[in-house]
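Chain and residue survey
If you want the building blocks of each chain, they are given just below.
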Amino acid sequence: MNPLAQKRFLKLIKPDGTDGMAERERILQALGREDISIPVRVLQTLYPLVADADYEITVTLSPAQHGWEIVRVEAGDTTARLFGAALDIGSTTLEMALLDLHSGAVLANSQLVNSQRALGENILDRIVAVREDAANLEVLRSCAVADITQLLRLCCQEAEIDAEEIGVLVVAGNTTMMHFLFGCDPWLVFQNPYSPAFFNPGIVRAQELELPLVCNVFSMPAVANYLGADITSGLLMTDLDSRSEPAMLLDIGTNGELAFGCRDYLLLGAGAAGPALEGAVSEYGMRAEPGAICAVTIDQNNQLHCETIGDQPPKGICGSGIMDLIAQGFLAGWISGDGSLNPERSERIMPVWSKLHERQLPAIMYAPGLYFTEADLKEWIKCKAAAFTMVATLLDHCGLTKDDIGRLYLAGGFGTHYHLESAVTTGLYPDIPRDRFTVLGNSSLKGAMLLLTDRDQLCRLQHFQDHGVYLQFGEMERFLENMIAAEFLPHTDRSLYPSVVTVSESVGS
């Protein structure tokens, strides 16, 4: 193990009244390095601690902007206890892992809903809230600090350690979420001239962020406005910097981010995917909570079956359920390629009065009192087309096709919880051999955890920063053409989805 934080046990030379060396200098001499600093807060603890410990102490070294910083001094040998925390700050959920930095073992893991949602369900609403009232920036910052403090408390309690024993905290999140944590207005993340306060805030002391830790905080660096620290962190979980043939990292949610390349190049891009993919624009769309329909099948007898989270009575449908509903409905002939519904194919398709759209619409009644309208469906297809178009346009830019993707890494909750076959059937993901897909899950958190246990990953982070080239999709050739072509299930060009064509023909027969 080569962890990002370290502990060193020191047997200091005891003063005899003749050497004239102070305790600070005695410690630095014992460490034998010139890149170590000791903040005033720690200097204030040296006396009488060092003398009382008979000059046998353990120092905790946390990474600093230039070298190391001693963040804690303890009596005796405590080197066996060294811990680190990794944090992913998502716009909806925050997740933290607490690790033993000697073994790499995960001692605790906890997550909670982002309390910033009180000022807006999505990031843009929160940015506007700050624009309308500057005082809301402090509210959002305080929410972030309170949430992180709660996660630290939960993780430390589960692992049975003290927060002071944490040697470093690694944080990842998109550019806006990192701005909120640091109390910086993120307006220019989304507004011309697109020059936010920072991409890489550097290493700071936890006290500067008002976190209940004595260690330093390492923030993963962003690459561009829309390619945040969460994507940089996720890249550590791929081999895009070492492989000979190209691979892709794809993170799709309300927004979509992707990275494509190999050891010779790295292309990056981002764009709006759309809340419809997560069920936000459906009348009965909901988060993945107990009672949410998470899986849908249509059997050989043309009967629809739903599975809910927690086996609870259905209250609505989450993103994975919607994806299944569309994929299964398309294969069963309930849904045409253009997104229109076919009432003659199922009695579950009927006209309903949509409160959301304020008119009568054809809809699939997937559970008693719950339906998905044709308008919802067509909005969903537009959003999946936007996500697909990023991939198609980048491949066009490189003169490549989907068959040249040697590995497709799926990041984020979207890639984790959605069923792969449904995603391919609807045309969200390219139709490539399924063994080329790798589901990473929360790659943002996992990348932070990897860095905690292996500081050599710092070189890889620098590589991604130095070699990444950010592309503006809207300015690229064939972007609009690709978008229009993708607004179909699975695509207007059926040859791009041979496996889907095969399945649909077998179902139709």
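Use the structure listed above.
In this report, the structure presented in the accompanying data block is examined. Quantities reported herein were computed from a predicted structural model and do not represent experimental measurements.

Rules used in this analysis
- Residues numbered from 1 in each chain as written.
- Predicted model: local features only at pLDDT ≥ 70, side-chain atom pairs only at ≥ 80, totals over all residues.
- Heavy atoms only, no water.
- Helix = DSSP H or I, 4+ residues; strand = E, 2+ residues; numbered from the N terminus.
- Rg over C-alpha atoms; globule rule 2.2 N^0.38 Å.
- Buried < 20%, exposed > 50% of the residue type's maximum accessible area, 1.4 Å probe, protein only.
- Areas by Shrake-Rupley, 256 points an atom, 1.4 Å probe, with all protein chains shown as cover.
- Salt bridge = Lys/Arg side-chain N within 4 Å of Asp/Glu carboxyl O.
- Pairing = 2+ DSSP bridges.
- Axes fitted to C-alpha atoms, helices over the stretch in contact; angles between N-to-C directions.
- Patch = residues over 30% accessible without salt bridge, like charges linked within 9 Å, V, L, I, M, F, W, Y side chains within 5 Å.
- Contact = heavy atoms within 4.5 Å.
- Expected span 1.5 Å × (residues − 1).
- Core = buried A, V, L, I, M, F, W, Y, C linked by side-chain atoms within 4.5 Å.

Observations concerning the overall build of the protein
- Scanning the protein from N- to C-terminus turns up 16 helices and 22 strands.
- Here the protein has a C-alpha radius of gyration of 26 Å; the compact-globule value for 509 residues is 23 Å, and the two agree.
- Buried positions account for 55% of the 509 residues belonging to the protein.
- Within the structure as shown, the protein displays about 21400 Å² of accessible surface, and the carbon and sulfur contribution to it stands at 50%.

Focus on the pattern of salt bridges
- Inspection of every chain in the model, using the stated rule, returns 21 salt bridges.
- Between Arg-434 and Glu-421 there is a salt bridge, with the nearest N and O atoms lying 2.7 Å from each other. Taken as a pair, Arg-434 in the loop between helix H12 (420-425) and strand S21 (437-441) and Glu-421 in helix H12 lie far apart in primary sequence, 13 residues in all.
- Within this structure, Lys-7, Arg-72, Glu-74 and Glu-164 form a network of salt bridges that share partners.

Section: the sheet that holds strand S8 (residues 166-173)
- Pairing in this open sheet of 6 strands is mixed, and the strands run S7-S6-S5-S8-S10-S9 from one edge to the other. Each end of this open sheet is capped by a strand with a single partner; those strands are strand S7 (106-113) and strand S9 (203-205). The sheet shows a mean angle of 20 degrees between the axes of neighbouring strands, taken without regard to direction.
- When S9 meets strand S10 (residues 216-219), the two strands line up antiparallel, connected through 3 bridges. The partner of Ile-203 across the bridge, within S10, is Phe-218.

Remarks on a nonpolar patch on the surface
- On the surface, Leu-124, Val-128, Phe-190, Tyr-194 and Tyr-226 cluster together to form a nonpolar patch covering roughly 420 Å² of accessible area.
- Residue position: Tyr-226 is located in the loop between S10 and helix H8 (229-235).

Some thoughts on the sheet that holds strand S22 (residues 468-471)
- If you walk across this open sheet you meet the 6 strands as S21-S20-S11-S12-S13-S22, and the pairing is mixed. Looking at strand neighbours, the two that pair on one side only are S21 and S22, the edges of this open sheet. Averaged over all pairs of adjacent strands, the angle between their axes in this sheet comes to 20 degrees, without regard to strand direction.
- The strands touched by helix H14 (residues 457-467) within the sheet are strand S13 (266-272) and S22, with S22 carrying the most contacts at an inclination of about 45 degrees.

What to know about the pairing of S10
- Residue alternation in S10 divides its side chains into two sets, Asn-216 and Phe-218 and Val-217 and Ser-219, and both sets are buried.
- Across 4 bridges, S8 lies against S10 in parallel orientation. From the neighbouring strand, Leu-169 faces S10, where its bridge partner is Val-217.

Here's the deal with helix H5 (residues 135-159)
- Across its 25 residues, H5 extends 37 Å between first and last C-alpha, which sits within 8% of the 36 Å expected from 1.5 Å per residue.
- Positive backbone phi, at 60 degrees, marks Glu-160, one or two positions downstream of H5.

Some thoughts on the nonpolar core
- Among the nonpolar cores identified, the biggest contains 58 residues, and Leu-250, Leu-325, Trp-334, Tyr-366, Leu-408 and Tyr-429 are the most heavily contacted of them.
- Ranked by the residues each element gives to this core, the list is headed by helix H10 (residues 374-398), at 12 residues.
- In terms of nonpolar packing, the next biggest core, distinct from the first, is built from 40 residues, Leu-87, Ile-127, Leu-152 and Leu-181 among them.

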